Amino acid sequence: MIRVQQQDFSVEHERLLLLRPGDSGACVTFVGHVRRFSDNPQATFLLQHYPGMTEKVLQKIEQQAQSRWKLDNTCIIHRVGELKVGEQIVFVGVSSPHRAEAFAACEFMIDILKTEAPFWKKEGDQWVEARDSDNKAAEKWMR
Amino acid sequence: MIRVQQQDFSVEHERLLLLRPGDSGACVTFVGHVRRFSDNPQATFLLQHYPGMTEKVLQKIEQQAQSRWKLDNTCIIHRVGELKVGEQIVFVGVSSPHRAEAFAACEFMIDILKTEAPFWKKEGDQWVEARDSDNKAAEKWMR
Amino acid sequence: MAGNTISLLYFAKLADDLGVTNEQYSISEKLSLGELKLQLSQRGEQWQDLKAAHIKCALNQTLCDDNTLVKFGDEVAFFPPVTGG
Amino acid sequence: MAGNTISLLYFAKLADDLGVTNEQYSISEKLSLGELKLQLSQRGEQWQDLKAAHIKCALNQTLCDDNTLVKFGDEVAFFPPVTGG
């Protein structure tokens, strides 16, 4: 399940939806938060995206994870619009029979999202520059 | 923070305690659940432990993770006693500035817990046998 | 007129620099994405950015390269490297 | 008596097989864990298990090997490979 939305989300609600009681032995979640980027507490943080393409890319990422590992359920939620420091930006959750698959799939999904999903962050007046460490993180899944 | 307890825990409560708003850009959690092990829905699942040693080992695992990666906070909670299918057994949570550290530390802590913390599972009449895949998972952190 | 136009979209810093987020653009016939970039880059100095290696292109919401053919009704997006998550 | 005893603990399947979870055990002087195992294994067939390679020992709640010395007042635990998490 993927969602792109302005409003906040409940991590616990989404996490519980992932579980198949009796089957899911493992549930791994990742939540990304807005970090402090300025001394000005009023500084705004903006997430722009490419509507339509975003959803396509997130769906593809989910399908790739599900075909690569034995998983019960997966979920990606990404917020857009104005956010404040500390707020939740993104949720990636995976349930699976065993933990190794859940960890791998969860990290895979956020790593690929970071380099392929058309979102762009603006901190105050500054568009955030892409980080080489994100490209390296994504590349490790291609080996 | 580590805890060994009979009662259930709130994942969301524990997760929120991990976050340092503005600093923590990433929060990764693992929750382990009781899988179905019998056709008998009344079958009991028991977790025995070695009181005292358990806490020592969990604290050492936390310290090792904190010295190995740059983390904001860590938490390990493990339940003991009788549990039902689907119930939460264990929580491992990590917050950190960046996600790679949070993923690595979270997986490290549960992998080492699985091979070093003195807990033993009994499914119905059967004590669960140690899995070689758990030893392999722990060994990958020694390389 | 709609019959021989394509939609152009620009995002993030690129949109700010060019001062436009979307437009309808007339083409006389099928052309490659590389040719389209060449045409647009002749609009002025800022538009040279479109040819920069780090600027990505999507045709109908799928990443593509300069050899891809663009035809009437297509949606072409230009954007800098993504930074979500 | 407490002055020359040690505490022995047994867990999980090992405790079930031996029919005991804990006991006070008298020793005449310091001995190695290997020597302690040898003494206990003479109690009967089931007790041979203590010498099995997969059975782990903890001295005062820290894993240790057969060379470790055990002294009055120590807590020695025997258990099978752990299976928590």
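Preceding this section is the structure that the text describes.
A quick note: this is a predicted structure, and the numbers were derived from the prediction, not measured.

Notes on the packing of aromatic side chains
Residue and element names in this part refer to chain B.
Then comes step 1: Inspection of every chain in the model, using the stated rule, returns 26 aromatic pairs over all chains.
Then comes step 2: Taken together, a centroid distance of 5.3 Å and an interplanar angle of 70° make the contact between Trp69 and Phe108 edge-to-face. Pair noted here: Trp69 is in the loop between helix H2 (53-68) and strand S4 (73-79) and Phe108 is in helix H3 (residues 99-116), with a separation of 39 residues, a long-range link. Each member of the pair Trp69 and Phe108 is classed as buried.

Comments concerning the interface of chain D and chain B
Then comes step 1: If you look at the interface, chain D gives 19 residues, while chain B gives 26 residues.
Then comes step 2: Between chain D and chain B, roughly 1700 Å² of surface is buried when both sides are summed, and carbon and sulfur atoms account for 60% of that area.
Then comes step 3: The largest per-residue losses of area from chain D upon contact with chain B belong to Gln61(D), Thr83(D) and Gly85(D), which jointly make up 39% of the total buried on that side.
Then comes step 4: Put simply, chain D and chain B have one salt bridge between them.
Then comes step 5: Between Asp16(D) and Lys122(B) there is a salt bridge, and its shortest N-O distance comes to 3.2 Å.
Then comes step 6: Where chain D meets chain B, there are 13 residue pairs in polar contact (both at pLDDT 80 or more).
Then comes step 7: Every element with two or more residues in the side of chain D that touches chain B is listed here: helix H1 (12-18), strand S5 (62-64) and strand S7 (75-79) of chain D.
Then comes step 8: Looking at the side of chain D that touches chain B residue by residue, the class counts come to 10 nonpolar, six polar and three charged.

Some details on the interface of chain B and chain A
Then comes step 1: Residue-level contacts link 36 residues of chain B with 36 residues of chain A.
Then comes step 2: Summed over both sides, the interface of chain B with chain A buries roughly 2900 Å², with 48% coming from carbon and sulfur.
Then comes step 3: By the criterion of area lost to chain A, the three top residues of chain B are Arg35(B), Arg99(B) and Phe103(B), representing 25% of everything that side buries.
Then comes step 4: Here chain B and chain A share six salt bridges between them.
Then comes step 5: In this structure, the salt-bridge partner of Arg36(A) is Asp23(B), at a minimum N-O distance of 3.3 Å.
Then comes step 6: Where chain B touches chain A, the interface holds 21 residue pairs in polar contact (both at pLDDT 80 or more).
Then comes step 7: Where the side of chain B that touches chain A is concerned, the elements lending two or more residues are helix H1 (11-18), strand S2 (26-33), H3 and helix H4 (132-139) of chain B.
Then comes step 8: Broken down by class, the residue content of the side of chain B that touches chain A amounts to 16 nonpolar, nine polar and 11 charged.
Then comes step 9: Sheet analysis places strand S2 (residues 26-33) of chain A next to S2(B), joined by seven bridges and oriented antiparallel.

Focus on the relation of the copies chain B and chain A
Then comes step 1: With an axial shift of 0.0 Å and an RMSD of 0.0 Å, the rotation relating chain B to chain A amounts to 180°. The relationship between the two copies is best expressed as a two-fold rotation axis.
Then comes step 2: The share of interface residues of chain B whose copies in chain A are also at the interface is 100%, consistent with both copies meeting through the same surface.

Quick look at the sheet that holds strand S2 (residues 22-26) of chain D
Backbone hydrogen bonds are what pair the strands of a sheet, in a parallel or an antiparallel way.
All names here are of chain D.
Then comes step 1: One open sheet accounts for five strands, arranged S2-S1-S7-S4-S5; its pairing is mixed. Looking at strand neighbours, the two that pair on one side only are S2 and S5, the edges of this open sheet. Each strand of the sheet is rotated relative to its neighbour by a mean of 30°, with strand direction disregarded.
Then comes step 2: Inspection of the sheet shows strand S4 (residues 56-59) paired to S5 by three bridges, in the antiparallel sense. By the bridge assignment, Leu59 is partnered in S5 with Thr62.
Then comes step 3: Contacting strand S1 (5-10), S2, S4, S5 and S7, helix H2 (residues 33-41) crosses the sheet at an angle of about 65° to S7.

Description of the sheet that holds strand S1 (residues 2-5) of chain A
Then comes step 1: Within the open sheet, the eight strands sit side by side as S1(A)-S4(A)-S6(A)-S2(A)-S2(B)-S6(B)-S4(B)-S1(B). Their pairing is mixed. Strand pairing shows two members of the sheet lacking a second neighbour, S1 of chain A together with strand S1 (2-5) of chain B, which therefore form its edges. Ignoring strand direction, the axes of neighbouring strands in this sheet form an average angle of 10°.
Then comes step 2: In this sheet, strand S6 (residues 88-96) of chain B lies alongside S4(B) in antiparallel orientation, the contact comprising six bridges. Across the sheet, Ile77(B) pairs through a bridge with Phe91(B), a residue of S6(B).
Then comes step 3: In the packing of H3(B) onto the sheet, the strands contacted are S2 of chain A together with S2, S4 and S6 of chain B, and the crossing angle to S6(B) comes to about 150°.

Some words on the layout of surface pockets
Space left empty within the atom packing is revealed by a probe, the size of a water molecule, rolled over the atoms.
Then comes step 1: For the largest pocket, the calculated volume is near 590 Å³.
Then comes step 2: Around the largest pocket, the lining is made up of 32 residues, and of these Lys114(A), Lys121(A), Arg131(A), Asp134(A) and Gly84(C) lie nearest the centre.
Then comes step 3: Mapped by element, the contributors of at least two residues to the lining of the largest pocket are S2, helix H3 (99-116), strand S7 (119-123) and helix H4 (132-139) of chain A.
Then comes step 4: Partitioned by chemical class, the residues of the lining of the largest pocket number 12 nonpolar, nine polar and 11 charged.
Then comes step 5: Empty space within the second largest pocket amounts to approximately 500 Å³.
Then comes step 6: In this structure, the second largest pocket is lined by 33 residues; those nearest its centre are His98(A), Lys114(B), Lys121(B), Arg131(B) and Asp134(B).
Then comes step 7: Elements that contribute at least two residues to the lining of the second largest pocket include exactly H3 of chain A together with S2, H3, strand S7 (119-123) and H4 of chain B.
Then comes step 8: Of the residues in the lining of the second largest pocket, the class split is 12 nonpolar, eight polar and 13 charged.

Some thoughts on the pattern of salt bridges
Then comes step 1: Evaluated as defined, the whole model comprises 32 salt bridges over all chains.
Then comes step 2: A salt bridge links Arg99(B) to Asp134(A); its shortest N-O distance comes to 3.0 Å. Residue Arg99(B) is found in helix H3, and its partner Asp134(A) is found in helix H4; the two belong to separate chains. Accessibility assignment for this pair places Arg99(B) and Asp134(A) in one class, buried.
Then comes step 3: Asp66(D) is the partner of Lys37(D) in a salt bridge, and the nearest nitrogen-oxygen pair spans 3.0 Å. Placement of the pair is Lys37(D) in helix H2 and Asp66(D) in the loop between S5 and strand S6 (69-70), with a sequence separation of 29 residues.
Then comes step 4: What you see here is one network of salt bridges that share partners, running through Arg99(A), Glu107(B), Asp111(B), Asp134(B) and Lys140(B).

About the thresholds
- Residues numbered from 1 in each chain as written.
- Chains lettered and ligands numbered in written order.
- Predicted model: local features only at pLDDT ≥ 70, side-chain atom pairs only at ≥ 80, totals over all residues.
- Heavy atoms only, no water.
- Phe/Tyr/Trp six-rings, centres within 6.5 Å; stacked < 30°, edge-to-face > 60°.
- Helix = DSSP H or I, 4+ residues; strand = E, 2+ residues; numbered from the N terminus.
- Buried < 20%, exposed > 50% of the residue type's maximum accessible area, 1.4 Å probe, protein only.
- Contact = heavy atoms within 4.5 Å.
- Buried area = accessible area lost by both parts, 1.4 Å probe.
- Salt bridge = Lys/Arg side-chain N within 4 Å of Asp/Glu carboxyl O.
- Polar contact = N/O pair within 3.5 Å; in protein donor to acceptor, adjacent residues only side chain to side chain.
- Nonpolar A, V, L, I, M, F, W, Y, C, P; charged D, E, K, R; others polar.
- Pairing = 2+ DSSP bridges.
- Least-squares fit on C-alpha atoms with pLDDT ≥ 70 in both.
- Axes fitted to C-alpha atoms, helices over the stretch in contact; angles between N-to-C directions.
- 1 Å grid on protein atoms, 1.4 Å probe; cavity = no way out; pocket = protein on both sides within 12 Å on 5 of 7 lines; lining within 4 Å.
- Points joined across faces, edges and corners; volume = space filled by probe spheres on them.

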